[in-house]
Amino acid sequence: MNTTSIIKWIETLECDLGPPGCFSDYAAPTDILREIACTINIMNEHRFAFYYWATFYNDYILTGKYKNKINPILITLDYHNDVGTENDFEKDELKNLDISNKNELALFCWSYLRSSNNGHILPALFLNFFSNIYVLKKHYHCNSNCDSNTEIFLDKYKTKHLIKYFADPQELTNELKAESIESIYLDIDLDYFTNTNDLQLKGESTVDSYKNIRNLLNLDKPFMKVVIKRLIGLTIALEPIYCGGIRNSFHIFNVLNNEFFDDTLGTAHCKWKESK
């Protein structure tokens, strides 16, 4: 590999490199959203969500534009467990990462984070991007070594964070209602809305019914009714391979676009769908 040329190309970039295969849009605040308008970030591979989480942390939390005392929680919807383990990263690598440098950040996500896209959440928590993590995972069950659905994790400042797992959307909704949560960053891997009959991580999958997808994503349904009032950021992973193909992924995405944005995502007038 010609590392000398690669370094030269990077050093002579005239603009931010940005993560590959990603798209960002902006939905202006509405009467149901808070002051920080919501940026929508879409990626093919889930690990690139880290780029947008880091950017929000750098641009809003570190600068003081984010006014809440506690960092937002991350709610992630996923068929698989993408939290990862401490063996997935070197702590010194994360401590030395300059998240203010967009090119360095993009290259880090592309070349360092797990290419299997299942180890990017714990590094974000290690860097204190979020206060706690809420994982809504298909078919979650507590393994033989745990006695609850909650794990404790220490970040680089030795601050304690909670990682809570849920299989039932209603249980998660009830938990959110019971807690005093000021702000939420929502992360959706579209493969959450698929099903497979085998234990393989990718392959043939079937898509949930339109009714089931809508019951979770509709802004007037219980889950999103709690989330939308506190929403400050949104990442969406298409992950067509894990959805069983591009057709499945785009079908789910089209339902999301309709339920969230009234089919305006990517247009000149992206807006949130009016709540009834």
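Everything in this summary refers to the structure shown in the same document. Keep in mind that this is a model prediction, so the values were computed, not measured.

For Glu182, the position within the fold is in the loop between helix 6 (169–178) and strand 7 (184–189). Under the relative-accessibility criterion, Glu182 is labelled partly exposed at 38%. Along the primary structure Glu182 and Asn71 are separated by 111 residues, whereas in three dimensions their C-alpha atoms are 8.7 Å apart.

This next bit is on the pattern of salt bridges. For the structure on display, the rule yields eight salt bridges. In this structure, Asp59 engages Lys102 in a salt bridge whose closest nitrogen and oxygen atoms are separated by 3.9 Å. One end of the pair, Asp59, is in helix 2 (residues 49–61); the other, Lys102, is in helix 4 (residues 102–111), with 43 residues separating them in the sequence. Between Lys164 and Glu179 there is a salt bridge; the shortest N-O distance is 2.9 Å. Remark: Glu179 occurs in the loop between helix 6 and strand 7 and Lys164 occurs in strand 6 (residues 160–166); sequence separation between them is 15 residues. What makes Lys164 buried here is its relative accessible area of 13%. Here Glu179 falls in the partly exposed class, since its relative accessible area comes to 26%. It is possible to trace a salt-bridge network through shared partners that takes in Lys164, Glu175 and Glu179.

Here the focus is the nonpolar core. The biggest cluster of nonpolar side chains holds 42 residues, and the ones touching the most others in it are Ile75, Leu186 and Phe260. No other element matches the six residues that helix 9 (residues 246–261) contributes to this core. When residues no more than four places from it in sequence are discounted, the contact partners of Ile75 are Tyr134, Leu172, Leu176, Ile184, Tyr185, Leu186, Asp187, Phe223 and Val227. Counting 39 residues, the second largest nonpolar core, distinct from the first, contains Tyr52, Ala54, Leu97 and Ala237.

By the secondary structure assignment, Thr76 is in strand 3 (residues 73–78). Discounting residues that sit within four places of it in the chain, Thr76 has contacts with His46, Ile121, Ile133, Tyr134, Val135, Leu136 and Asp187.

Taking 1.5 Å per residue as the helical rise, helix 9 with its 16 residues ought to reach 22 Å, and the 21 Å between its terminal C-alpha atoms agrees with that figure. Among the residues of helix 9, Asn248, Ser249, Ile252, Phe253, Val255, Leu256, Asn257, Asn258, Glu259, Phe260 and Phe261 are the ones counted as buried. Within two residues after helix 9, Asp262 carries a phi angle of roughly 55 degrees, on the positive side.

Because each turn of an α-helix spans 3.6 residues, side chains separated by three or four positions end up pointing in the same direction. Within the span of helix 4, buried status applies to Lys102, Asn103, Leu105, Ala106, Phe108 and Cys109. Considering only its buried residues, helix 4 is in contact with helix 2 and helix 3 (91–95). Its side-chain oxygen at 3.1 Å from the backbone nitrogen of Asn103, Asn101 defines the N-terminal cap of helix 4.

Conventions we followed
Residues numbered from 1 in each chain as written. Predicted model: local features only at pLDDT ≥ 70, side-chain atom pairs only at ≥ 80, totals over all residues. Heavy atoms only, no water. Helix = DSSP H or I, 4+ residues; strand = E, 2+ residues; numbered from the N terminus. Buried < 20%, exposed > 50% of the residue type's maximum accessible area, 1.4 Å probe, protein only. Salt bridge = Lys/Arg side-chain N within 4 Å of Asp/Glu carboxyl O. Core = buried A, V, L, I, M, F, W, Y, C linked by side-chain atoms within 4.5 Å. Contact = heavy atoms within 4.5 Å. Expected span 1.5 Å × (residues − 1). Polar contact = N/O pair within 3.5 Å; in protein donor to acceptor, adjacent residues only side chain to side chain.

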